[in-house]
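Structural overview for review
Each chain is listed here by its residues.
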Amino acid sequence: MKYYSLNKQSPDVDFKEATIKGQAPDKGLYFPHTIPVHEQAFFDNIEQYSNEEIAFRLIQPYVAGTIPDDALRNIVKETINFSIPLVPVNEHIFSLELFHGPTLAFKDVGARFMSRCLGYFAKERREKVVVLVATSGDTGGAVAHGFYDVPGVEVVILYPSGKVSSVQEKQLTTLGKNIHALEVTGTFDDCQQMVKQAFVDEELTKKIFLTSANSINVARWLPQQFYYVLAWKQWADKKNPPVISVPSGNFGNICAGLLAHISGLPVKHFIAACNANAVVPSFLASGEYQPKKAIATISNAMDVGNPSNFVRILELFHHKLGDLRNVLTGYSISDDETRSVLKEVYQQYNYLPDPHGAVGYLALERYLRQHTNAKGMFLETAHPVKFYDVVEPVIGETVPVPDAIKEQLKLAKQSSLIAPDYDALKATLLDRY
Ligand SMILES: *Cc1c(COP(=O)(O)O)cnc(C)c1O
């Protein structure tokens, strides 16, 4: 498989180069030349396949030629070695729980896959790789855990000071070893801008072998298809495919779902569930794309004012707004609505979503109100305990801490404060590596 840059000013690359580079030299996102379409029988008989086999079949065409099949099977197996259950919330709505991985959020899937691919490629080179990543919350923890103690790989994480939850902050600042956290006194967009600038700084990239682990990296984007198909495997009513609501920020997750759908996965409709950062829902309604500054909300992993993966969605639909609208509807949910639906779902159905899942739930419910024969699922992108500071006052109860993170919460934060300024980042990197 070859990948081209969406800015069309850089040469084509294979999966290995796309993974290592992260972003094309012309600052474009990499995009596959062809989208494989699987046989109808694969989706019709999905229950007959193991989870590993499903994941392998989905990813193999994208990777072929750069990682041998047996090594890829191994990577895939390690990527999804935790459960991804589809849990009924009520008669019409299911929750696809993506939080059973090591950092209790869906980004574990992409981060685990990418870190293992990069580990495979690093073995072939002798240079130290520096993974540079901006996070609005969960990416950092997932990437930190994915790469922790991987030989030859150093990880530098930028996160907006005071704008991630305390659990998230612990997950990205307490590991130590090859994992370094930079606490930026600005927004997530500042962090992302600084990282983007580093990748196009030739002076820096000549000295340091830099790679990204953001959701723009194809090795993080593509494996996110896995759980959409694993959800289909668990979907009982195969004659009535689900409406899928995806809490969205940078739009990598939903873009992977749309990709799986184009490859043949039956889905009735997709919902882009957003908080007050409503660039995409506004675009779908008006046809005008107007990036904004990110607004802080209680679903902070979705506080993105200019979602980087959205160009991939446009490309998937050949920039035809009408075609996109047939498949995708957007909703913007306020913090007040998020709090009240969270409480309502907990009290009525005894199911506790996190704030991002609550946005997904309410957006889905709105859509289903107008499409009464349909049923759907929302992607529960994080465990509610990661946002206990938001959830507990809303439900008036404490959220039990899963054993998996109890130990981590006791560790001391290790981070360096840095101004939202590219030169500060550059100096830090040059000093360290
Ligand atoms: C990252 C994240 C999102 C947004 O996912 P995108 O792929 O950036 O759209 C939603 N919920 C949680 C909990 C996240 O960590």
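Residues numbered from 1 in each chain as written. Predicted model: local features only at pLDDT ≥ 70, side-chain atom pairs only at ≥ 80, totals over all residues. Heavy atoms only, no water.

1. Quick notes on empty space enclosed by the protein
In the structure shown here, the tally under the stated rule is 3 cavities of 30 Å³ or more. Along the wall of the largest cavity there are 26 residues; nearest its centre are Phe106, Lys107, Gly249, Asn250 and Ala301. Breaking the lining of the largest cavity down by element, the ones donating at least two residues are helix H6 (138-147), helix H8 (188-199) and helix H12 (252-262). With 3 residues, H12 is the largest single contributor of residues to the lining of the largest cavity. Counted by class, the lining of the largest cavity contains 10 nonpolar, 13 polar and 3 charged residues. Size it by volume and the second largest cavity reaches roughly 70 Å³. Every residue along the wall of the second largest cavity is listed here: Gln23, Gln192, Val195, Lys196, Phe199, Ser212, Asn214, Ser215, Ile216, Asn250 and Ser308. (1 Å grid on protein atoms, 1.4 Å probe; cavity = no way out; pocket = protein on both sides within 12 Å on 5 of 7 lines; lining within 4 Å. Points joined across faces, edges and corners; volume = space filled by probe spheres on them. Helix = DSSP H or I, 4+ residues; strand = E, 2+ residues; numbered from the N terminus. Nonpolar A, V, L, I, M, F, W, Y, C, P; charged D, E, K, R; others polar.)

2. Brief notes about the side chain of Ser245
As for its position among the elements, Ser245 is in strand E9 (residues 243-247). If sequence neighbours within four positions are ignored, Ser245 has contacts with Ile271, Ala273, Gly360, Ala363, Leu364, Met377, Phe378 and Leu379. (Contact = heavy atoms within 4.5 Å.)

3. Looking at the site of the ligand
With respect to spatial proximity, 15 residues lie near the ligand, and among them Lys107, Asp138, Gly249, Asn250 and Phe251 are the closest. Contact distances for the ligand include 2.8 Å between an oxygen atom and a backbone N or O atom of Asn250. One of the backbone N or O atoms of Asn253 is found 2.9 Å from an oxygen atom in the ligand. For the ligand, whose free accessible area comes to 380 Å², the fraction covered by protein is 98%. Taking a 2 Å distance to the grid points as the criterion, the majority of the atoms of the ligand fall inside the largest cavity. Residues of the shell around the ligand, tallied by class, amount to 6 nonpolar, 7 polar and 2 charged. (Near = heavy atom within 4 Å. Polar contact = N/O pair within 3.5 Å; in protein donor to acceptor, adjacent residues only side chain to side chain. Areas by Shrake-Rupley, 256 points an atom, 1.4 Å probe, with all protein chains shown as cover. Sits in = over half its atoms within 2 Å of the grid points.)

4. Let's talk about the pattern of salt bridges
Pairing between side chains becomes possible if they bear opposite charge and their charged atoms approach one another. Applying the stated rule across the entire model yields 16 salt bridges. In this structure, the salt-bridge partner of Glu183 is Lys413, at a minimum N-O distance of 3.2 Å. A residue pair is termed long-range when its members are at least 10 positions apart, and Glu183 in strand E7 (residues 179-184) and Lys413 in the loop between helix H19 (403-409) and strand E13 (416-418) qualify at 230 residues. With a relative accessible area of 9%, Glu183 lands in the buried category. (Salt bridge = Lys/Arg side-chain N within 4 Å of Asp/Glu carboxyl O. Buried < 20%, exposed > 50% of the residue type's maximum accessible area, 1.4 Å probe, protein only.)

5. Overview of the UniProt feature "domain: Tryptophan synthase beta chain-like PALP" (unreviewed entry) in the chain
Taken from the UniProt record, the annotation "domain: Tryptophan synthase beta chain-like PALP" (unreviewed entry) applies to residues 96-370. End C-alpha to end C-alpha, residues 96-370 measures 22 Å, and it is 48% helix and 15% strand. (UniProt positions renumbered as here; feature names shortened; annotations may be inferred.)

6. Some points on the sheet that holds strand E4 (residues 93-97)
Read from one edge to the other, the open sheet built from 6 strands follows the order E3-E4-E12-E9-E10-E11, with strand pairing classed as mixed. The strands lining the two open edges of the sheet, one partner per strand, are strand E3 (86-88) and strand E11 (328-332). The average angle at which neighbouring strand axes cross in this sheet is 25 degrees, direction not considered. Pairing of E9 with strand E10 (residues 269-274) involves 5 bridges; the strand directions are parallel. (Pairing = 2+ DSSP bridges. Axes fitted to C-alpha atoms, helices over the stretch in contact; angles between N-to-C directions.)

7. Focus: the nonpolar core
With 100 residues, the main nonpolar core has Phe15, Phe113 and Phe147 as its most contacted residues. Dropping the residues within four chain positions of it, Phe113 is found in contact with Phe15, Ile59, Val63, Leu72, Ile75, Val76, Thr79, Ala219 and Pro223. Core analysis: the second largest hydrophobic core is formed by 36 residues, Ile93, Val345, Leu352 and Val385 among them. (Core = buried A, V, L, I, M, F, W, Y, C linked by side-chain atoms within 4.5 Å.)

8. Things to note about the packing of aromatic side chains
If you walk through the whole model with that rule in mind, you get 16 aromatic pairs. Both rings, one in Tyr4 and one in Phe31, keep their centres 5.8 Å apart while their planes meet at 55 degrees; by these two values the pair is tilted. Taken together, the positions of Tyr4 in strand E1 (residues 3-5) and Phe31 in strand E2 (residues 30-32) put the pair 27 residues apart, joining distant regions of the chain. Residues Tyr4 and Phe31 agree in their burial class; the two are buried. Connected via pairs of aromatic rings, a cluster forms that spans Tyr3, Phe15, Tyr120 and Phe121. Stacked on the ring of Phe56, the Lys or Arg Arg73 has its end atom at 3.8 Å from the ring centre. (Phe/Tyr/Trp six-rings, centres within 6.5 Å; stacked < 30°, edge-to-face > 60°. Lys NZ or Arg CZ within 6 Å of the ring centre and 35° of its normal.)

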